[in-house]
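Analysis of the macromolecular model
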Amino acid sequence: VWWSEHRLRRADETYAYVLERASVVYDSTGKPTRMVGLTIDMTERKHAEEKIVEQAALLDEAQDAIIVGDLQGRILFWSKGAARIYGWTIREAVGQPVNQLLQPEAPLAQAALVETLKNGHWIGELREKNKSGYEVIAQSRWTLLQDAHGNPKSIMVINTDITERKQLEE
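Read on for a plain summary of the structure. Remember, predicted model here, so these are calculated numbers, not experimental data.

**Observations concerning the overall build of the protein**
Each helix and strand in the protein was counted, giving six helices and eight strands. Its helices and strands in sequence order give the protein the pattern β-β-β-α-β-β-α-α-α-α-β-β-β-α, from N to C terminus. Taken over 170 residues, the protein has a buried fraction of 28%. For the protein, the share of sequence-separated contacts (at least 6 apart) that also reach a separation of at least 24 residues comes to 33%. Summed over its atoms, the accessible surface of the protein is roughly 11,500 Å², and 53% of this surface lies on carbon and sulfur atoms. When the 21 positive and 25 negative side-chain charges of the protein are each reduced to one mean point, those points stand 5 Å apart.

**Considerations on the sheet that holds strand S2 (residues 15–26)**
What the three strands build is an open sheet, ordered S1-S2-S3; its pairing is antiparallel. Pairing within the sheet leaves two strands with one partner each, and these edge strands are strand S1 (2–9) and strand S3 (32–41). Here the average twist between neighbouring strands, direction ignored, is 25 degrees. As judged from the nine bridges shared by S2 and S3, these two strands associate in the antiparallel manner. From the neighbouring strand, Val-25 faces S3, where its bridge partner is Arg-34.

**Details of the environment of Val-94**
Along the chain, Val-94 falls in the loop between helix H3 (90–93) and helix H4 (98–102). Taking the C-alpha atoms as reference points, Val-94 and Arg-74, 20 residues apart in sequence, are found 7.6 Å from one another. Those residues in contact with Val-94 that lie beyond four places of it in its chain are Ile-75, Leu-76 and Trp-78.

**Some thoughts on the packing of aromatic side chains**
Per the stated rule, a full pass over the model turns up two aromatic pairs. Look at Trp-78 and Tyr-86: their rings are 5.8 Å apart centre to centre, the planes differ by 45 degrees, and that puts the pair in the tilted class. In terms of burial, Trp-78 and Tyr-86 fall into one category: buried. On the numbers, 5.5 Å between centres and 75 degrees between planes, the contact of Trp-122 with Trp-142 is edge-to-face. One end of the pair, Trp-122, is in strand S6 (residues 121–129); the other, Trp-142, is in strand S7 (residues 135–146), and 20 residues separate them in sequence. Comparing Trp-122 with Trp-142, the two get one shared label, buried.

**Side note on unusual backbone geometry**
The backbone phi angle of Glu-13 is positive, close to 75 degrees, even though this residue is not glycine. Turning to its location among the elements, Glu-13 is positioned in the loop between S1 and S2. One non-glycine residue, Gln-103, adopts positive backbone phi at about 45 degrees. Checked against the element boundaries, Gln-103 lands in the loop between H4 and helix H5 (106–119). For Gln-103, a relative accessible area of 47% puts it in the partly exposed group.

**Some thoughts on the sheet that holds S6**
Taken in spatial order, the five strands make up an open sheet running S5-S4-S8-S7-S6, and their pairing is antiparallel. Single-partner strands in this sheet number two, and they are strand S5 (75–78) and S6. When the angles between neighbouring strand axes are averaged without regard to direction, this sheet yields 25 degrees. Judged from the three bridges that link them, strand S4 (residues 65–70) and S5 form a sheet pairing that is antiparallel. Each bridged residue has a counterpart across the sheet, and for Val-68 the counterpart in S5 is Phe-77.

**Some details on the pattern of salt bridges**
A side chain with one charge can pair with a side chain of the opposite charge if their charged atoms come near. Throughout the structure, instances matching the rule amount to 11 salt bridges. For Glu-92, the salt bridge is made with Lys-131, and the minimal N-O distance between the two is 2.8 Å. Taken as a pair, Glu-92 in helix H3 and Lys-131 in the loop between S6 and S7 lie far apart in primary sequence, 39 residues in all. Taken together, the shared-partner salt bridges in this structure form one network comprising Glu-125, Arg-165, Lys-166 and Glu-169.

The rules behind the values
What you see as residue numbers is a count from 1 along each chain, following the sequence as written. Where local features are concerned, this predicted model is filtered to residues with pLDDT of at least 70; where side-chain atom pairs are given and counted, the filter is 80 or more; whole-chain, interface and lining totals use all residues. Side-chain descriptors were evaluated using all non-hydrogen atoms of the structure, hydrogens and water having been removed beforehand. Per the convention used, a helix needs a DSSP run of H or I reaching at least four residues, while a strand needs a run of E reaching at least two, with both numbered from the N terminus. Under the scheme applied here, a residue whose accessible area is under 20% of the maximum for its type counts as buried, over 50% as exposed, and between as partly exposed, the area being computed with a 1.4 Å probe on protein chains only. Throughout, a contact is declared for two residues whenever any of their heavy atoms are within 4.5 Å. Accessible surface area values rest on a Shrake-Rupley calculation with a 1.4 Å probe, where residue burial reflects the displayed protein chains alone. A residue counts as positive if it is Lys or Arg and as negative if it is Asp or Glu; His and the chain ends are not included. By convention, the charge on Lys lies at NZ, on Arg at CZ, on Asp at CG and on Glu at CD. In this description, strands pair whenever DSSP reports at least two bridges between them. Axis definition: a line fitted to C-alpha atoms, over the contacting stretch in the case of helices. Angles run 0 to 180 degrees between N-to-C directions. Classification of ring pairs uses Phe, Tyr and Trp, with its six-membered ring standing for Trp, and accepts pairs whose centres are within 6.5 Å; under 30 degrees between planes counts as stacked, over 60 as edge-to-face, and the remaining range as tilted. Salt bridges, as used here, are contacts in which a Lys or Arg side-chain nitrogen is within 4 Å of a carboxyl oxygen on Asp or Glu.

In short, shape yes, function no, at least from these values alone.
Now the structure itself:
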């Protein structure tokens, strides 16, 4: 079996990304008789992958914490901004229950969840903990994300660290 993923130039001078795969067919004596293969145009998939990488790079430039959690409260996405603010690396955070990691004020976090599920969004302040146990005050914006059928699938949270500003105000 042979396979290769590569780029081909089309007659119109554009490029296509293709996956080619082939295998040898043998007769009953083990002698190769022919080669059978296929070529799959992967151009759209390759462009979609490139776009995802570009968007992820943009998210990583954000100074805010961008966190996506499933409806059971497990972290699915943890931006570099979240790592900077809270101290946990992406590897440490993804898959963890957000309430155990950040320890937000329970009644307020529950109210935010209920409002987000009901209205699709919530904005407010949350007091949370960073990896070292210090308080982080966040201006928090929650948005309900839906699947292709309009069913709730996850919640995106964008937190801006306003701890210093709140301390100065006090």
